[in-house]
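Residue strings, one per chain:
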Amino acid sequence: MNAPLVSVVIPVHDRAHYLGPAIDSVQSQTHKPVELIVVDDGSSDGSAQVAEERGARVIRQCQRGVSAARNAGIEAATGDYIAFLDSDDLWPEDRLARQVVHLERHPELEFVLAYAMMFVDPDSPTPSWLPTGWLAGVHTVDLPGVQPPGPGQAGPVAAGMTLVARARLFERIGGYDPSYTTGQDIELLTRAADAGAAYERLPFVALNYRLHETNSSPPMNQGMPDMLRLLRASVIRRRALR
Amino acid sequence: MRDHLAIKSQNLVHDTVDGETILIHLEKGNYYSLTGAGAEVWALVGAGKSSEQIAVELAERHGRPLEDVAPAVTTFLHELLEEDLLEPSVTAAASNGTPAWRASSWRPPKLEKFTEMQDFLMLYGSSVRQEPLAPVG
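Model, not experiment: these values are computed from the prediction.

Side note on the packing of aromatic side chains
Centre distance and the angle of the planes are the two values used to describe a pair of aromatic rings. Residue and element names in this part refer to chain A. If you walk through the whole model with that rule in mind, you get 4 aromatic pairs over all chains. Arranged with centres 5.8 Å apart and planes meeting at 75°, the rings of Phe84 and Phe170 form a pair that is edge-to-face. Separated by 86 residues along the polypeptide, Phe84 in strand β4 (residues 81–84) and Phe170 in helix α5 (residues 167–173) bring together distant segments of the chain. For the ring pair Phe111 and Tyr199, a centre distance of 4.9 Å and an interplane angle of 5° mean the geometry is stacked.

This is the structure in structure tokens:
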């Protein structure tokens, strides 16, 4: 039986310097085949060229935000599964293989999640927004075979961006909600769970989350107004089901 | 239960919209909804009112006998304390006045707890204060 095709969507806006390593981490995945879709969200720094040079399929759009960019990628995807990577982050090479194998073995699941390690970009100064000592206080999980975080690292932490979903999930619940400026991944996951989508979080690190000066959503400031709004929406959905 | 309670100062975010208060306990990953007179009670706790003062205030607002309102308030505050959404206050907090409220019929305060999203919300959980940090980039 042929291995299933996985569509990987990378939205990017002016992150040409990080995009190359992000794409490389997708192209070095042990799982193949992969359809790599980079959605250039109005970049002016040559991000699209970086993607094209590496053989990615590039979709260009005027800047409409990360959710609209991910949705454009979902729309264009032809794979059995869809995964997402932010343009400044990296994947371990076995990430897709582990998650896709699990989904293949468990047809009742509609998506899987895993964990992320955070790391301060070693080639840049420590981000000015990162409070001293914050990394040491991050709530972490013990995972088999995962070494404790070293200096400038934190984790493993549960992370929404470790999502790998069956393509049909998006046909059922729609894509990312562009009205959220933060917490978009959590909004999508709550909506999926409220719709009864079965999922598991697998006990391994599937994402290396880079901390740098220009993170769009620094992790200690995950847009609490958006978080409260998405949870209220979830409460209303759940009440309607009772 | 101590008479004076305060809204938990760390790892809790909350907001009240359309008479309903939503809370996220960032350590536990639970979220909660306060309905009925729950949002009123929450606002009065935030204003530094004691359990007794809250009951008296609600009885007056809603024209209900204090003996009906007080047990409901006590039970509700106990639930909030049990869920680690409030914390005992060593001293009576300075009262910040009485929060504005919209006239409504009396419905006892109700706490709804949602645990299904723990897996999504236990993201970082490290000493997040109520006041969000200034957004970056």
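Read on, since the account is not over.
Some thoughts on the nonpolar core
Residues Ile10, Val38, Phe84, Phe111 and Leu163 of chain A are the most contacted members of the largest nonpolar core, which totals 85 residues. Apart from the residues lying within four places of it in its own chain, the contact partners of Phe84 of chain A are Val9, Arg70, Ile74, Trp91, Arg95, Met161, Leu163, Phe170 and Tyr176 of chain A. Judged by nonpolar contacts, the second largest core, of 24 residues, contains Leu23, Val41, Val45 and Val73 of chain B.

Quick notes on helix α3 (residues 66–82) of chain B
Residue and element names in this part refer to chain B. Across its 17 residues, α3 extends 24 Å between first and last C-alpha, which sits within 8% of the 24 Å expected from 1.5 Å per residue. Those residues of α3 not exposed but buried are Val69, Val73, Phe76, Leu77 and Leu80. For α3, the angular spread of the buried residues around the axis is 100°, confining them to a single face. Pointing more than 90 degrees away from the buried face of α3 are the exposed residues Glu67 and Glu82. Buried positions along α3 lie against β1 (5–7), β4 (30–35), α1 (38–46), α2 (51–62), β5 (86–88) and β6 (110–114).

Thresholds, definitions, all that
Residues numbered from 1 in each chain as written. Chains lettered and ligands numbered in written order. Predicted model: local features only at pLDDT ≥ 70, side-chain atom pairs only at ≥ 80, totals over all residues. Heavy atoms only, no water. Phe/Tyr/Trp six-rings, centres within 6.5 Å; stacked < 30°, edge-to-face > 60°. Helix = DSSP H or I, 4+ residues; strand = E, 2+ residues; numbered from the N terminus. Core = buried A, V, L, I, M, F, W, Y, C linked by side-chain atoms within 4.5 Å. Buried < 20%, exposed > 50% of the residue type's maximum accessible area, 1.4 Å probe, protein only. Contact = heavy atoms within 4.5 Å. Expected span 1.5 Å × (residues − 1). Arc of directions from axis to C-beta.

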